[in-house]
Amino acid sequence: MSTLYVTHPSALDHAVPAGHPERPARMQAVERALEQERFAALVRCHAPKAETSVVELAHPASYIESLVAASPEEGLFQIDSDTLMSPGTLNTCLHAVGGSVHAVDAVMKGECANAFVAMRPPGHHAEVARAMGFCLFNHAAIAVQHARKAYGASRVALVDWDVHHGNGSQDIFWADRDVLYASTHQMPLFPGTGSAGERGDHDTIVNVPLKAFDDGEVFREAFEQRILPRLDAFAPDLIVISAGFDAHKLDPLANLQLDEADFGWATRRLMELADRHAQGRVVSILEGGYSLDGLARSVAAHVDALMGR
Ligand SMILES: [Zn+2]
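In this numbering scheme, every chain counts its residues from 1 along its sequence in written order. It should be noted that, the model being predicted, local features are given only for residues of pLDDT at least 70 and side-chain atom pairs only at 80 or more, the latter also being counted only at that level, while totals for whole chains, interfaces and linings use all residues. Heavy atoms from the whole structure form the basis of all side-chain values; hydrogens and water molecules are not counted.

Novice: Where do I start with the nonpolar core in this structure?
Specialist: Most often, soluble globular proteins have nonpolar side chains that are buried together. Within this scheme, the nonpolar core is defined by two criteria: the residues are buried Ala, Val, Leu, Ile, Met, Phe, Trp, Tyr or Cys, and they are joined through side-chain atoms within 4.5 Å. When a residue's accessible area, from a 1.4 Å probe over protein chains only, is under 20% of the maximum for its type it is buried; when over 50% it is exposed; and in between it is partly exposed. Counting residues in hydrophobic clusters, the biggest one holds 96 residues, and the most contacted among them are V30, L34, F116, F137, W161, F223 and L231. Numbering goes from the N terminus for both helices and strands, where a helix is a DSSP run of H or I of at least four residues and a strand is a run of E of at least two. The leading source of residues in this core is helix α4 (residues 89–108), at 11 residues.

Here it is, written out as structure tokens:
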């Protein structure tokens, strides 16, 4: 079975000030990586635009309305020092949500083995009703909720290897006994959350903080010892990956020392787990990754693994 690749040209339309690391060139780096001949077998599709009602799977209507009202007709609306809206942002984000939901549809219906959604900005810092850390809507959380609502998935695992802790995803699923949120991340680092003691109301939050300059060996050991056993015991119906690639050693925003082979390895471990419990169902959604070279190499290794290589 095939791997689905979902993106949309509007990912270039979220404008940021000069020097902002979360920039349109990230998407061009991903596109260039996946243009290589060895990815010719990918099934490619454009992310449909979601209705705002779909965003309500993870965020209250009042929050969405406040962002719609804040959307600028020109210039930039600064939500905080890192997070902003340009005239194209809302449309971009609705395509990112629509693409994530579409990937869940395709995987849950068995139309493809797994899927990778590459849009920007990322989403995992977006809390229930707060935009931050470049993120407005939490695409991965919406994908999880869609799988439960539309397909009756009873347990969904959200695995987040972005170098930053996904405070937004943790916030959204804190009291949810049927979603396991598992994260490796550098600590201390933005956003400051993610200690191992943060476990959620029902012990379904698994935080595995790593130290600056920890390498792939430490990451793999953390994954094998702390993340995979919890996922195995949880036996999810679907695995959603918050696939940030800013733990790559080339990344300018953090200090972990992973290379692209580590992301390929982690992808294959999750696929094995999905084969055991979830009929192989994996939906991967791009989060961070701010070295264009590190991002391109990591995406290639990740998608190679999704394609069974
Ligand atoms: Zn990040």
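Picking up where we left off.
Novice: Would you mind showing me how to read the pairing of strand β5 (residues 114–117) here?
Specialist: On β5, burial covers both faces: N114 and F116 on one face and A115 and V117 on the other are all buried. One ladder, built from four bridges, connects strand β1 (residues 3–7) with β5; its direction is parallel. Looking at the pairing, T3 lines up with N114 of β5. Pairing analysis gives four bridges linking β5 to strand β10 (residues 282–286), with the strands arranged parallel. Across the sheet, residue A115 finds its bridge partner in β10, namely V283. Paired strands, as defined in this entry, are two strands with at least two bridges between them according to DSSP.

Novice: Please explain the coordination of the zinc ion as it appears in this structure.
Specialist: Geometry sets the ideal angles at a metal, namely 109.5 degrees for four tetrahedral donors and 90 or 180 degrees for six octahedral donors. Coordination shells were defined by N, O and S atoms within 2.8 Å of each metal, extended to 3.2 Å for Na, K and Ca; water is absent from the atom set, which can make sites look incomplete. Ligation of the zinc ion by protein atoms is provided by D162 (OD), D162 (OD), H164 (ND1) and D246 (OD), these donors lying 2.0 to 2.8 Å from the ion. Geometry assignment treats four donors as tetrahedral when all angles are between 85 and 135 degrees, treats four as square planar and six as octahedral when opposite donors are over 155 degrees apart and all others between 65 and 115, and treats everything else as irregular. For the zinc ion, the four donor atoms in the first shell make angles of 52 to 154° at the metal, so the coordination geometry reads as irregular. All donors to the zinc ion come from one chain, and their sequence spacing reads D-x1-H-x81-D. Both residues of the pair, D162 and H164, belong to the buried class.

Novice: When you look at the sheet that holds strand β8 (residues 205–210) in this model, what are you seeing that I'm missing?
Specialist: Sheets are built from strands paired through backbone hydrogen bonds, the pairs being either parallel or antiparallel. Read across the sheet, eight strands follow the order β2-β1-β5-β10-β9-β6-β7-β8 without closing on themselves; strand pairing throughout is parallel. Only two strands of the sheet have a single neighbouring strand rather than two, namely β2 (43–46) and β8. The mean inter-strand angle of the sheet, taken between neighbouring strand axes irrespective of direction, is 15°. In this analysis, two residues are considered to be in contact whenever any of their non-hydrogen atoms come within 4.5 Å of each other. Axes here refer to lines fitted to C-alpha atoms; in helices the fit is confined to the stretch in contact. Angles between the N-to-C directions go from 0 to 180 degrees. The strands that helix α7 (residues 216–234) touches are β6 (156–160), β7 (179–186) and β8; relative to β8, the one it contacts most, it runs at about 175°. The sheet strands contacting helix α8 (residues 260–277) are β5, β6, β9 (238–243) and β10, and the helix crosses β9 at an angle near 165°.

Novice: What exactly am I supposed to notice about helix α5 (residues 139–151) here?
Specialist: Residues that lie three or four places apart on an α-helix share one face, since the helix turns once every 3.6 residues. Here, expected helix span is obtained from the residue count minus one, scaled by 1.5 Å. Here α5 is 13 residues long and its end C-alpha atoms lie 17 Å apart, about the 18 Å a rise of 1.5 Å per residue gives. Within α5, 10 of the 13 residues are buried, which leaves the element mostly enclosed by the surrounding structure. Here α5 has its buried residues at H139, A140, A141, I142, A143, V144, Q145, H146, A147 and R148. Of the residues one or two after α5, G152 is the one with positive phi, at around 65°.

Novice: Explain the pairing of β10 to me, please; I cannot follow it from the model alone.
Specialist: Both faces of the sheet carry side chains from a regular strand, because those side chains alternate between them. The buried fraction of β10 is high, at five of five residues. Residues V282, S284 and L286 of β10 are buried on one face, and the alternating residues V283 and I285, pointing to the opposite face, are buried as well. For the crossover from β9 across α8 to β10, the handedness is right-handed. The definition of a right-handed crossover adopted here requires that, viewed with the strands pointing away, the path from the first strand over the helix to the second runs clockwise.

Novice: Would you take a moment to explain the environment of I142 for this structure?
Specialist: As for its placement among the helices and strands, I142 is situated in helix α5. When the C-alpha positions of I142 and G123 are compared, they lie 9.8 Å apart, and in sequence the two are 19 residues distant. Among residues more than four places away in sequence, those in contact with I142 are V54, V55, L57, A58, H59, V97, V101 and F137.

Novice: What should I look at first to understand α4 in this one?
Specialist: Taking 1.5 Å of rise per residue, the 20 residues of α4 would be expected to cover 28 Å, and the 29 Å separating its terminal C-alpha atoms lies within 8% of that figure. Of all 20 residues in α4, 18 are buried; the element is thus mostly enclosed. One or two positions beyond α4, positive phi appears at G110, with a value near 75°.

Novice: I keep staring at the packing of aromatic side chains and nothing clicks. Help me out?
Specialist: Aromatic ring pairs are reported here in terms of the distance separating the ring centres and the angle at which the planes meet. Any two rings among Phe, Tyr and Trp, with Trp reduced to its six-membered ring, count as a pair given centres within 6.5 Å; such a pair is stacked if its planes are under 30 degrees apart, edge-to-face if over 60, and tilted if neither. In total, this model carries eight aromatic pairs according to the counting rule given. When the ring of W161 is compared with that of F223, the centres are 6.5 Å apart and the planes differ by 55°; the resulting orientation is tilted. Here F223 lies in helix α7 and W161 lies in the loop between β6 and α6 (167–173), a separation of 62 residues in the sequence. Seen from their ring centres, W161 and F245 are 6.4 Å apart, and the 55° between their planes marks the pair as tilted. Taken together, the positions of W161 in the loop between β6 and α6 and F245 in the loop between β9 and α8 put the pair 84 residues apart, joining distant regions of the chain. Just as W161 is buried, F245 falls in that class too. Each member of the aromatic cluster is reached from another via a ring pair, and the members are W161, F219, F223, F245, F263 and W265.

So yeah, pure geometry; function would need other evidence.
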